[in-house]
Amino acid sequence: MGQIIACGNLKGGVGKTTVAVNVACALATRGNDVILLDIDPQGSASIWAGAGHLPMPVEAMPPIAGYGAGRWPARAGELAGTGHLVVLDLPPLLVPTLASALMVADVILVPITPSALDVAPTERTLRMARMTRESRVGRKPKGLLVPNRVDPECHYDPATQAAVSSLTERWAPELRHEIRHVEACAAGTWIGQHAPRSAASADILALTEMLERILEIVPRNLSRTGQNDPLPAAGEPSAKLTA
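Being a predicted model, the structure only gives us computed values, none of them experimental.

**Digging into the side chain of Arg-136**
Looking at where Arg-136 falls in the secondary structure, it is placed in the loop between α5 (119–135) and β6 (142–150). For the buried Arg-136, no salt bridge exists, and the shortest N-O distance to an oppositely charged side chain is 5.2 Å, to Asp-106. What Arg-136 contacts, discounting residues up to four positions off in sequence, is Leu-102, Met-103, Val-104, Ala-105 and Pro-141.

Listed below in structure tokens is the structure:
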């Protein structure tokens, strides 16, 4: 039986497609059968995959009339039922789509950039996830906040630190602000292929390893897993945002 990984936030511009595509690629290269469903009407993941260089397929199923509306949850369930890891690249703003994803997902990755403006919509996203957990068997989906585009040289102001730190959900390792992610997208590749020895690639690997531990996935193709590392407690924000 496969599992479903949603990636989304009601706030736009937080880099969810970058996270979704790179995590899906990392999982695929570690021996998993992965499919990414592009549910965003903007189709960014599908455009990214157009060159044919990604290690997993991408299916476009935007939730608009005539283009897969209402079909993507069934498709996600079908793929998971045949043993695939399904990654959902969700659109911003669309509450019904997020609600549907939360009803089928095993985990939701919620990217957030170090901006106080990201906090209110992110909290609404997390509140929906918590409400869904209360109604689903197994208390799913598990939530994972992904601090994205973090500048390691920047000391964020106290107001931003306080706002971001107010979010009480499990935190993933941070993804640093790296131009190589932009370059990889332009080339139609993912960061592990475009710049495998870079800090950006190491960040995606750390996030992927944490996700594997949460979902109890045993990677098949790897040299390092981090399987014995303890999961951090919920409510521990990125060190760069609280330093």
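**Side note on the environment of Leu-167**
By the secondary structure assignment, Leu-167 is in the loop between α6 (158–165) and β7 (175–176). When the C-alpha positions of Leu-167 and Leu-126 are compared, they lie 8.6 Å apart, and in sequence the two are 41 residues distant.

**A short note on the pairing of strand β4 (residues 85–89)**
Remember that side chains alternate between the two faces of the sheet whenever the strand is regular. Burial runs high along β4: five of the five residues are buried. The side-chain alternation of β4 yields two buried faces, one formed by Leu-85, Val-87 and Asp-89 and the other by Val-86 and Leu-88. Alignment of strand β1 (residues 3–7) against β4, held across five bridges, turns out to be parallel. If you follow Gln-3 over to β4, its bridge partner there is Leu-85. Across five bridges, the pairing between strand β2 (residues 34–38) and β4 is parallel. Looking across to β4, one finds that Val-34 is bridged to Leu-85.

**Description of helix α9 (residues 199–215)**
Between its first and last C-alpha atoms α9 spans 24 Å; for 17 residues at 1.5 Å apiece the expected length is 24 Å, and the two agree. The buried fraction of α9 amounts to 13 of the 17 residues, a majority that puts the element mostly inside the structure. Two residues or fewer past α9, Glu-216 is found with a positive phi of approximately 55°.

**Looking at the sheet that holds β7**
If you trace the seven strands from one edge of the open sheet to the other, you get β3-β2-β4-β1-β5-β6-β7, paired in parallel fashion. One side of each edge strand has no neighbouring strand; the edge strands of this open sheet are β3 (58–60) and β7.

**Here's the deal with the packing of helix α1 (residues 16–29) against α9**
The packing of two helices is summarised by the inter-axis angle and the distance between the axes. Relative to each other, α1 and α9 sit at 70°, their axes nearing to 10 Å. By the angle class used here, α1 and α9 are roughly perpendicular. In this structure, α1 contributes Val-19, Asn-22, Val-23, Ala-26 and Leu-27 to the contact, and α9 contributes Ile-204, Leu-207, Thr-208, Leu-211 and Glu-212. Here the residues of the contact of α1 with α9 are counted per class, giving seven nonpolar, two polar and one charged.

**Notes on the pattern of salt bridges**
For the structure on display, the rule yields 13 salt bridges. Note that Lys-16 and Asp-89 form a salt bridge whose closest N and O atoms lie 3.1 Å from each other. Highlighted residues: Lys-16 in helix α1 and Asp-89 in strand β4, separated in sequence by 73 residues. Assigned by exposure class, Lys-16 and Asp-89 land together as buried. Among the salt bridges present, the one from Glu-59 reaches Arg-75, with a minimum N-O distance of 2.8 Å. Of this pair, Glu-59 sits in strand β3 while Arg-75 sits in helix α3 (residues 72–81); the two residues are 16 residues apart in sequence, bridging distant segments of the chain. Taking the relative accessible area as the measure of exposure, Arg-75 reaches 22% and is therefore partly exposed.

Definitions and cut-offs
Residues numbered from 1 in each chain as written. Predicted model: local features only at pLDDT ≥ 70, side-chain atom pairs only at ≥ 80, totals over all residues. Heavy atoms only, no water. Helix = DSSP H or I, 4+ residues; strand = E, 2+ residues; numbered from the N terminus. Buried < 20%, exposed > 50% of the residue type's maximum accessible area, 1.4 Å probe, protein only. Lys, Arg positive; Asp, Glu negative; His and termini not counted. Salt bridge = Lys/Arg side-chain N within 4 Å of Asp/Glu carboxyl O. Contact = heavy atoms within 4.5 Å. Pairing = 2+ DSSP bridges. Expected span 1.5 Å × (residues − 1). Axes fitted to C-alpha atoms, helices over the stretch in contact; angles between N-to-C directions. Parallel < 35°, antiparallel > 145°, perpendicular 65-115°, else oblique. Nonpolar A, V, L, I, M, F, W, Y, C, P; charged D, E, K, R; others polar.

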